[in-house]
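Here's the letter readout for the chains.
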Amino acid sequence: MALRLYNTMSSQVEEFHPLRAHEVRMYACGPTVYDYGHIGNFRTFVAVDMLQRFLRQSGYDVHYVMNITDLDDKIIRNAARDGVTVQQYTAKFEKAFLEDAGMLGIERPKFVRATEHIAQMADFVARLVEKGIAYRTDDGSYYFRIAKFPQYGKLSKKDFSGMLDGARVDVDEYDKDSARDFALWKAPKAGEASWDTSIGPGRPGWHLECSVMSMQELGESFDLHAGGEDLVFPHHENEIAQSESLTGKTFARFWFHVRFLLVEGEKMSKSAGNFYTLRDLVLKGYKPSSIRYLLTSVPYRNQLNFTFDGLKQAAVSVERLRNFRQRLSAGSFAAGANPELQALAGETIGAIRAALDDDLNTAQAQAAIFEMVRRANSALDAGRVRQDDAAPLLAALEKFDEIFAVLQDDDGPKMKQVFDWAQTEGRGPDISPELREAVQAGRFSDADIEKKVAEMEAARRARDFKTSDSIRKEIQAAAGIIIEQTKDGIRWRRK
Ligand code: AMP
Ligand code: ZN
């Protein structure tokens, strides 16, 4: 079965086929690096990460490009306010974004930066002027004449036919009702950054940046363009207008938009006090893996209601998967195979694939893996697991994790990174006791603990309980690690 995806352009779920066999060219609008990313931003980035992971798992060669918007109205304003250059202003937040993305297991796309493509952007404007689609105003700004692109509105399904030709808007973000000829290039303003180019001094508008960079990296027509739902209008509508009026070709075939994340049922806002960056949550003691898992747990086309109960539940789910993997890989089983479990592993792989093929139904894929874990755990409890069953069950778990990416237990070092950052950024008072405890426990890596547990087991076998007890105390002193003696041997887990 082929992947079926919702395409905002057609307003339908369609079979996804790339323009070139075996190769997918996709572009996602990346972060505007004027502040730390919030969990809503990361919902979108995680969803696109899962999409590209799944395309690769499906056998495609994926060329995935994401821009870093290091130049827009907000950045210009803040850099001017702080009296620093645009690059000085954005460097810190770009670094933070890359760290946060890594913390959430987001695989690195090819990153492109607006400030590194200014000359190409000016050239793009010049070509639009040559075609009579863009025009220059007296102050040296350039605008896109939307009357020259009759299909304007085809993505957002808004009818702009009655619009006043020549009325202009020069801010990057605006609502549908104020749609006008939009700024491609903004003339310099006192105290604001500008560049000298072939079309005169100034700076590009945000919409132009993405058209230029995506086409440069992926060609005039490519397979998929992604972003959060708020980008449909005006950003993506304007990208389409610029690109298609220049090339006469379809810009992107599929438009993939992620619904917004709400917090406890409400829009995130600083004034409502429900605005969370990724780092805010880690400071509270939540693990990056729990946050990723929660962000993946609702299919991307449904609104995600972020709650702290949900986050706690996500932590339990991740722990359950990790414990199951440990139980299977560390257990010793009688020779042979149990056909029921062999079939279960195969069916689970099929069910995960079918769920994701169905417009990335991540919730269904998670349900499939948990059904497998439930049944395999009861087989383990009943001693019905044989030696040859572990590998296929682990393989199903691996397939799941190629997309969901939560099994590797590297939360400790990641939390330590946030802990250190908080100290240097004056956010020490925000470090919760839970984060302190987790960082303490993280002093032991999984491999360290495995080694200690093996030593403990050897000591117990030799009936050297004194040594075994002292090792137990040593590990448990690193608060947050629980050691249990079970009939399968010693098991440990992090709290
Ligand atoms: P920005 O850094 O503002 O350019 O946004 C980066 C990405 O996050 C864009 O794709 C936005 O559409 C997306 N985004 C912003 N807020 C939310 C939210 N609450 N939920 C999901 N995605 C969001
Ligand atoms: Zn964009």
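Residues numbered from 1 in each chain as written. Chains lettered and ligands numbered in written order. Predicted model: local features only at pLDDT ≥ 70, side-chain atom pairs only at ≥ 80, totals over all residues. Heavy atoms only, no water.

Chemist: Looking at this model, I keep getting lost on the overall build of the protein chain. Mind explaining?
Modeler: A count of helical and extended segments in the protein chain gives 16 helices and 17 strands. With respect to the three principal axes, the spread of C-alpha positions in the protein chain is 90 × 50 × 35 Å. A burial count over the protein chain gives 54% of its 495 residues as buried. A fraction of 75% describes how many contacts in the protein chain between residues 6 or more apart in sequence connect residues 24 or more apart. Charged side chains of the protein chain number 67 positive and 73 negative; the gap between the two group centres comes to 4 Å. (Helix = DSSP H or I, 4+ residues; strand = E, 2+ residues; numbered from the N terminus. Buried < 20%, exposed > 50% of the residue type's maximum accessible area, 1.4 Å probe, protein only. Contact = heavy atoms within 4.5 Å. Lys, Arg positive; Asp, Glu negative; His and termini not counted. Charge placed at Lys NZ, Arg CZ, Asp CG, Glu CD.)

Chemist: What is the right way to look at the packing of helix α9 (residues 308-330) against helix α11 (residues 362-381) in this model?
Modeler: The relative placement of two packed helices is expressed as an angle between their axes plus a distance between the axes. Between α9 and α11, the least distance of the axes is 11 Å, while the angle of their chain directions is 45°. Between α9 and α11, the interaxial angle falls into the category oblique. Judged by the sense of rotation from one axis to the other, the crossing of α9 with α11 is left-handed. When α9 is examined against α11, the residues S317, R320, L321, F324, R327 and L328 are found in contact with a partner set consisting of I369, F370, M372, V373, R374, A376, N377, L380 and D381. (Axes fitted to C-alpha atoms, helices over the stretch in contact; angles between N-to-C directions. Parallel < 35°, antiparallel > 145°, perpendicular 65-115°, else oblique. Left-handed = near helix turned anticlockwise from the far one by under 90°.)

Chemist: Sorry if this is basic, but what is going on with the site of ligand 1 here?
Modeler: As a structural note, the neighbourhood of ligand 1 is formed by 15 residues, with T32, T44, G228, D230 and L261 the closest of them. T44 places a polar side-chain atom, nitrogen or oxygen, 2.7 Å from a nitrogen atom of ligand 1. With respect to ligand 1, the backbone of L261 contributes an N or O atom lying 2.9 Å from a nitrogen atom. Computed on the free molecule, ligand 1 has an accessible area of 490 Å², of which 89% lies beneath the protein chains in the complex. Listing elements by their share of the shell around ligand 1, those giving two or more residues are α1 (39-57) and β12 (222-228). The dominant element in the shell around ligand 1, judged by the number of residues it contributes, is α1, at 4 residues. Counted by class, the shell around ligand 1 contains 5 nonpolar, 8 polar and 2 charged residues. (Near = heavy atom within 4 Å. Polar contact = N/O pair within 3.5 Å; in protein donor to acceptor, adjacent residues only side chain to side chain. Areas by Shrake-Rupley, 256 points an atom, 1.4 Å probe, with all protein chains shown as cover. Nonpolar A, V, L, I, M, F, W, Y, C, P; charged D, E, K, R; others polar.)

Chemist: Help me understand the environment of D464 in this model?
Modeler: In this fold, D464 is placed in the loop between α15 (446-461) and α16 (465-477). Linking D464 and E116, residues 348 residues apart in sequence, is a C-alpha distance of 65 Å. Here T467 takes part through its side chain, which lies 2.5 Å from a polar atom of the side chain of D464.

Chemist: What am I meant to see in the coordination of the zinc ion (ligand 2) here?
Modeler: In ideal tetrahedral geometry, four donors around a metal make angles of 109.5 degrees, whereas ideal octahedral geometry with six donors gives angles of 90 or 180 degrees. Only C29 (SG), C210 (SG) and H235 (NE2) from the protein reach the zinc ion (ligand 2) as donors, at distances of 2.0 to 2.2 Å. Given a relative accessible area of 0%, C210 falls into the buried group. (Donors = N, O, S within 2.8 Å, 3.2 Å for Na, K, Ca; no water.)

Chemist: Is there a simple way to think about unusual backbone geometry in this case?
Modeler: Most of the time, phi is negative for any residue but glycine, and the peptide bond is trans. A cis geometry characterises the amide bond from F233 onward to P234, with omega recorded as 0°. Note on placement: P234 falls in helix α6 (residues 232-247). A positive phi angle, close to 65°, is found at H22, a residue other than glycine. Its place among the elements puts H22 in the loop between β2 (12-15) and β3 (23-28). Relative accessible area serves as the criterion here: at 60%, H22 is assigned to the exposed category.

Chemist: What am I meant to see in the nonpolar core here?
Modeler: A general trend in soluble globular proteins is that nonpolar side chains are found buried together. Core analysis: the biggest nonpolar cluster contains 144 residues, and L5, F256, F306 and L321 have the highest contact counts within it. Looking at this core element by element, the count peaks at 10 residues for α1. Leaving out residues up to four positions away in the same chain, F306 has contacts with I39, L261, L262, V263, E264, L281, L294 and L311. In this structure, F444, I471, I475 and W492 belong to the second largest nonpolar core, which totals 10 residues. (Core = buried A, V, L, I, M, F, W, Y, C linked by side-chain atoms within 4.5 Å.)

Chemist: Looking at this structure, how should I read the packing of aromatic side chains?
Modeler: One pair of aromatic rings is described through two measures. These are the centre distance and the angle between the planes. All told, the structure shown has 20 aromatic pairs when counted by the stated rule. Considering the side-chain rings of Y89 and F93, the 5.6 Å spacing of their centres and the 55° angle between planes classify their relative orientation as tilted. With Y89 and F93 both in helix α3 (residues 86-103), this residue pair falls 4 residues apart, about one helical turn. Ring plane angle 80° and centroid distance 5.2 Å describe the contact between F222 and F251, whose orientation is recorded as edge-to-face. Of the two residues, F222 sits in strand β12 while F251 sits in the loop between α6 and β13 (252-258), which places them 29 residues apart along the sequence. (Phe/Tyr/Trp six-rings, centres within 6.5 Å; stacked < 30°, edge-to-face > 60°.)

Chemist: What am I meant to see in helix α14 (residues 433-441) here?
Modeler: Residues spaced three or four apart along an α-helix point in a common direction, a consequence of the helix completing one turn every 3.6 residues. Taken as a whole, α14 has its buried residues at L435, V439 and A441. All buried residues of α14 lie within an arc of 160° about the axis, which places them on one face of the element. Against α7 (278-283), α13 (411-424), β16 (481-486) and β17 (489-494) lie the buried residues of α14. (Arc of directions from axis to C-beta.)

Chemist: What should I look at first to understand the pairing of β13 in this one?
Modeler: Within β13, 6 of the 7 residues are buried, which leaves it mostly tucked inside the rest of the structure. Across 6 bridges, the pairing between β12 and β13 is parallel. Paired with H225 across the strands is W255, a residue of β13. One crossover worth recording links β12 to the parallel β13 by way of α6, and it is right-handed. (Pairing = 2+ DSSP bridges. Right-handed = clockwise from strand over helix to strand, strands pointing away.)

Chemist: Honestly, helix α12 (residues 390-404) in this entry has me stumped. Any pointers?
Modeler: The terminal C-alpha atoms of α12, which comprises 15 residues, lie 21 Å apart, in line with the 21 Å expected from a rise of 1.5 Å per residue. Close packing links the buried residues of α12 with α1, α8 (288-296), α9, α10 (339-357) and α11. Once α12 finishes, A405 follows within two positions and takes phi at roughly 55°, a positive value. (Expected span 1.5 Å × (residues − 1).)

Chemist: Just to check I follow, could you spell out the pattern of salt bridges for this structure?
Modeler: Pairing is possible between side chains that carry opposite charge, provided their charged atoms lie close to one another. Throughout the structure, instances matching the rule amount to 36 salt bridges. When the shortest N-O distance is used, the salt bridge between D73 and R203 registers 3.1 Å. Here D73 is found in helix α2 (residues 73-82), whereas its partner R203 is found in strand β11 (residues 200-204), with 130 residues between them in sequence. Linking R374 and E371 is a salt bridge whose minimum nitrogen-to-oxygen distance equals 2.9 Å. In this pair, R374 and E371 are both assigned in helix α11, 3 residues apart and thus about one turn of the helix distant. On the basis of relative accessibility, which here comes to 33%, the residue E371 falls in the partly exposed class. When salt bridges with common partners are traced through the structure, they connect D49, R53, R56, E107 and R292 into a single cluster. (Salt bridge = Lys/Arg side-chain N within 4 Å of Asp/Glu carboxyl O.)

Chemist: Even after reading the chapter, I still don't get the pairing of strand β1 (residues 4-7), so can you show me in this structure?
Modeler: Across a regular strand the side chains alternate sides, sitting on one face of the sheet and then on the other. What you see with β1 is a clean split: L5 and N7 sit on the buried side and R4 and Y6 on the side with no burial. Where β1 and β2 come together, 4 bridges link them in antiparallel fashion. Considered in β2, the bridge of L5 is made with E14. In sequence, β1 turns back onto β2 through a hairpin of 4 residues, with S11 there showing a positive phi of about 55°.

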